Amino acid sequence: MGILVEDVSKQFGSFKAVDHVNLEIQSGSLVALLGPSGSGKSTLLRLISGLEAPDSGRVWLTGTDATDQSVQDRNIGFVFQHYALFKHLSVRKNIGFALELRKAPKARVKARVEELLELVQLQGLGDRYPSQLSGGQRQRVALARALAVEPQVLLLDEPFGALDAKVRKDLRAWLRRLHEEVHVTTVFVTHDQEEAMEVADQIVVMNKGRIEQVGTPAEIYDHPASAFVMSFIGPVNVLPSTSGIFQGNGFDSAHQEMFLRPQDVVIQTESNGATAPARVNRLIHLGWEIQAELILDDGQVVTAHLTRERFDQLNLEPQQRVYVKPKEAKSFPLYYSI
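Residues numbered from 1 in each chain as written. Predicted model: local features only at pLDDT ≥ 70, side-chain atom pairs only at ≥ 80, totals over all residues. Heavy atoms only, no water.

Q: What exactly am I supposed to notice about the environment of Leu286 here?
A: Secondary-structure assignment places Leu286 in the loop between β14 (276-285) and β15 (289-296). Taking relative accessible area as the criterion, Leu286 reaches 39% and is therefore assigned partly exposed. Separated by 220 residues in sequence, Leu286 and Ala66 place their C-alpha atoms 48 Å apart. (Helix = DSSP H or I, 4+ residues; strand = E, 2+ residues; numbered from the N terminus. Buried < 20%, exposed > 50% of the residue type's maximum accessible area, 1.4 Å probe, protein only.)

This is the structure we're talking about:
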């Protein structure tokens, strides 16, 4: 067992940030806490780290009850969004800081720092200062510093949030490779669905202080447990069940709303009796795919995603008359907006 959270709650004034959360994270796994702002994901991370104390419940780390332990006694590495590096210290000194604080032998500190510089691909930059590094390099220094003391658990709070899109994407792939080398139990907070899907083994989807679903990226996307999960993970059309696109296709119309992924919208240039007429309002070229904004005759707007090959076959143009039907759609008893 890596981390066990048992019936943990945390309230700030009248705001319930974490509401009776139960979560088990396996040792050596890479887990994302995913949710919108205010969902409780950062508070849960801080409760695991000891930076916040729970109002109720227990936190276990590698089989030990850590609820009443100090941050220092939990053997946790913590990486913040804004690096929190010491500006007056070199990269080497930043990475070795915690080891020196623990009065580790100088030879041990030097060897560990050089090992980590190689691990985070910053060889040759050990004598530079944080101001002389790029944002991506500074974040890698922060990760190396957190790993220096060989923590049982590594926690990252929005680790790439302050970086531009290209650097963020590069660091996501790098973090995945790094985890495969060090295998330390890692939990990171993000509101970026793509980031969670790309990096994590398991995703914990949070909403209003509670866990909506835990699963692999494929499970979360293909088999969402609630309307919230489906509407938060990936693009989706939310349409009334009475919309013309669902008529005559055998979909259950017992619920008020239906959830339809853009890639599950089938577009044809001719009616076949099971399709609904629509007009192409806008075409957006996204490089590897085309996004088509369609307006049904009942006024509902539907977004469809097409491969380049399918788009070329249909030869779509704005204002063109087309016919659509759903390949797959889901419904849920209740729908809570994000």
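Q: Looking at this structure, I do not really get the domain arrangement of the protein. What am I missing?
A: Reports of interface size often rely on the accessible area that becomes lost once the parts have come together. Here the protein is partitioned into domain 1 (3-232) and domain 2 (237-331). In this structure, domain 1 and domain 2 have C-alpha centres spaced 40 Å apart. Domain 1 puts six residues into the contact, and the matching count from domain 2 is four residues. Counting the surface lost from both domain 1 and domain 2, the interface buries some 600 Å², and carbon and sulfur atoms represent 60% of this. Area buried by domain 1 at its contact with domain 2 is led by Tyr221, Ala227 and Met230, which between them contribute 80% of it. One can count zero salt bridges joining domain 1 with domain 2. Between domain 1 and domain 2 we count four residue pairs in polar contact (both at pLDDT 80 or more) in total. Every element with two or more residues in the side of domain 1 that touches domain 2 is listed here: α7 (217-222) and α8 (227-232). Grouping the constituent residues of the side of domain 1 that touches domain 2 by class yields four nonpolar, one polar and one charged. (Domains from an automatic or database assignment. Contact = heavy atoms within 4.5 Å. Buried area = accessible area lost by both parts, 1.4 Å probe. Salt bridge = Lys/Arg side-chain N within 4 Å of Asp/Glu carboxyl O. Polar contact = N/O pair within 3.5 Å; in protein donor to acceptor, adjacent residues only side chain to side chain. Nonpolar A, V, L, I, M, F, W, Y, C, P; charged D, E, K, R; others polar.)

Q: Would you mind going over the pairing of strand β11 (residues 237-240) with me for this structure?
A: Each regular strand carries side chains that alternate between the two faces of the sheet. Across the two faces of β11 the burial differs, with Asn237 and Leu239 buried and Val238 and Pro240 not buried at all. Bridging between β11 and strand β12 (residues 257-260) involves four bridges; their strand directions are antiparallel. For Val238, the partnering residue across the bridge sits in β12 and is Phe259. (Pairing = 2+ DSSP bridges.)

Q: Any chance you could explain helix α4 (residues 135-147) here in plain terms?
A: Structurally, the α-helix is built with 3.6 residues per turn, so residues lying three or four positions apart point the same way. Under the 1.5 Å per step criterion, the end-to-end length of α4 is 19 Å for 13 residues, consistent within 8% with the ideal 18 Å. Most of α4 sits out of view: 12 of its 13 residues are buried. Listed as buried for α4 are Gly135, Gly136, Gln137, Gln139, Arg140, Val141, Ala142, Leu143, Ala144, Arg145, Ala146 and Leu147. Looking at the buried side of α4, the elements it contacts are β6 (76-79), α2 (91-101), α3 (106-119), β7 (153-157) and α5 (165-182). (Expected span 1.5 Å × (residues − 1).)

Q: Could you clarify how one ought to interpret the packing of α2 against α3 in this entry?
A: The geometry of a pair of packed helices is captured by two quantities: the angle between their axes and the separation between those axes. The N-to-C vectors of α2 and α3 enclose an angle of 130°; their axes lie 9 Å apart at closest approach. One finds that α2 runs oblique with respect to α3. The handedness of the crossing between α2 and α3 comes out as right-handed. For the pair α2 and α3, contact is made by Val91, Arg92, Ile95, Gly96, Leu99 and Glu100 and by Val109, Arg112, Val113, Glu114, Leu116 and Leu117, respectively. Counted by class, the contact of α2 with α3 contains seven nonpolar, one polar and four charged residues. (Axes fitted to C-alpha atoms, helices over the stretch in contact; angles between N-to-C directions. Parallel < 35°, antiparallel > 145°, perpendicular 65-115°, else oblique. Left-handed = near helix turned anticlockwise from the far one by under 90°.)

Q: I would appreciate a short explanation of the packing of aromatic side chains in the present structure.
A: Geometry of an aromatic ring pair is reported as the spacing of the ring centres plus the angle between the planes. Per the stated rule, a full pass over the model turns up four aromatic pairs. Between the aromatic rings of Phe86 and Phe97, the centroid separation amounts to 4.6 Å while the plane-to-plane angle is 45°, which identifies the pairing as tilted. With Phe86 in the loop between β6 and α2 and Phe97 in helix α2, the pair connects residues that are 11 residues apart, well separated along the chain. Residue Phe86 is classed as partly exposed on the basis of its relative accessible area, which comes to 28%. Taking the relative accessible area as the measure of exposure, Phe97 reaches 30% and is therefore partly exposed. Look at Phe228 and Phe232: their rings are 5.6 Å apart centre to centre, the planes differ by 10°, and that puts the pair in the stacked class. Taken together, the positions of Phe228 and Phe232, both in helix α8 and four residues apart, correspond to about one turn of that helix. Each member of the pair Phe228 and Phe232 is classed as buried. Geometry around Trp174 places Arg140 over its ring, the cationic atom sitting 5.9 Å from the centre. (Phe/Tyr/Trp six-rings, centres within 6.5 Å; stacked < 30°, edge-to-face > 60°. Lys NZ or Arg CZ within 6 Å of the ring centre and 35° of its normal.)

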